[in-house]
Amino acid sequence: PTVTNGWHLAGSFPGAGEVRVETNATLASPSWAHRDFAFPDAAGSLVRALRPPLPSPIFLRGVQPATPLELATLASYLADPHAGAAGFGLVADDMPQLYRDGYICAPCPAFYHRGGANAAAAGECYEFTGPAGTTTVMVGDLDDLPPPGTCDAGRTYFDIGNPAFAALFTDAAGYGTATYRLVPAPVVGNVKMVVVLNSGGFYLELRPYNHRAGLGKLEIKSAGSANWIELPRTVYNSFVYNGGGALAFPLSVRVTSRFGEVVDFPAIAAMQPNDRFTANAQFAAFPAL
């Protein structure tokens, strides 16, 4: 590497679509921190400017990701933390800071309803890297009218909030192309849940939030029962009980992440609309990035 007004590696990663830039304060430590991604220019060289201030000393290395990053077309939009298809507006005041700051994205319907499962991507976080930097956004909305030539042509597309778009492309509005990858949501504390609606235990809507990984399912168990009931998920991200009989309290609730990890809530004695509950733990399992 040669350091001038940028960091330059040429020819070290033949055919690489991107290189991960990592830093370390001392070569004696095996702990390297992710800093950014660099992408090849027209000549095949990978260039990434290091913006000051820089720590001193600083050591740099390049790592070729085992799994190439994916490209997505992006457009900016005015993301409203109090609205959105995922229904997190109901608990906007209790959401992670990036969500409250408008770092929200609205993907294609096929992406949002991954694998045909309603709202499967709701609450997940994705890291984007563009020409001007890197940012992370949370899936809190759905773009049901994406531009022609994107979702309809099988291309990944996201609307992302204006502040996140500006971090990637300098301008707060427009269109652009960036890479993206799934990352853990920067949540604080344990998984949480809000009661959207409860009609005497005959009809119940629950909406988990503040989860580090995406949700795979939510299950409930009535008092005195040995059977867990998996609740279907709506397109607006509510898990609904409409079983025909009244639920018996205290109610047991558990959620499973998309990676199979299970987290339980303490037994719930009663539920009223807008009640919020905190689980016993947070999801820890997440695939290697």
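Residues numbered from 1 in each chain as written. Predicted model: local features only at pLDDT ≥ 70, side-chain atom pairs only at ≥ 80, totals over all residues. Heavy atoms only, no water.

Caption draft 1: Structural context of helix H3 (residues 162–169). Taken together, the buried positions of H3 are Ala164, Phe165, Leu168 and Phe169. Here the buried residues of H3 occupy an arc of 110° about the axis, which is enough to place them on one side. For H3, the secondary structure elements touched by its buried residues are strand S7 (70–77), strand S9 (125–130), strand S10 (133–139), strand S11 (157–161) and strand S12 (175–183). Thr170 sits one or two residues past H3 and shows a positive phi near 75°. (Buried < 20%, exposed > 50% of the residue type's maximum accessible area, 1.4 Å probe, protein only. Helix = DSSP H or I, 4+ residues; strand = E, 2+ residues; numbered from the N terminus. Arc of directions from axis to C-beta. Contact = heavy atoms within 4.5 Å.)

Caption draft 2: Representation of the sheet that holds strand S17 (residues 239–241). The 4 strands lie next to each other as S17-S14-S13-S20, forming an open sheet whose pairing is antiparallel. Looking at which strands have only one partner, the edges of the open sheet turn out to be S17 and strand S20 (276–278). On average, adjacent strands in this sheet sit at an angle of 25° to one another, irrespective of strand direction. Where strand S13 (residues 192–199) and S20 come together, 3 bridges link them in antiparallel fashion. Note that in S20 the partner of Lys192 across the bridge is Thr278. (Pairing = 2+ DSSP bridges. Axes fitted to C-alpha atoms, helices over the stretch in contact; angles between N-to-C directions.)

Caption draft 3: Structural view of the pairing of strand S8 (residues 104–107). Here S8 shows a buried face lined by Ile104 and Ala106 and a second buried face lined by Cys105 and Pro107. Sheet topology note: the S8/S10 ladder contains 2 bridges and is parallel. Along S10, the bridge assignment pairs Cys105 with Val139. Note: S8 against S11, 3 bridges, orientation antiparallel. Bridge pairing in S11 places Cys105 opposite Ile160.

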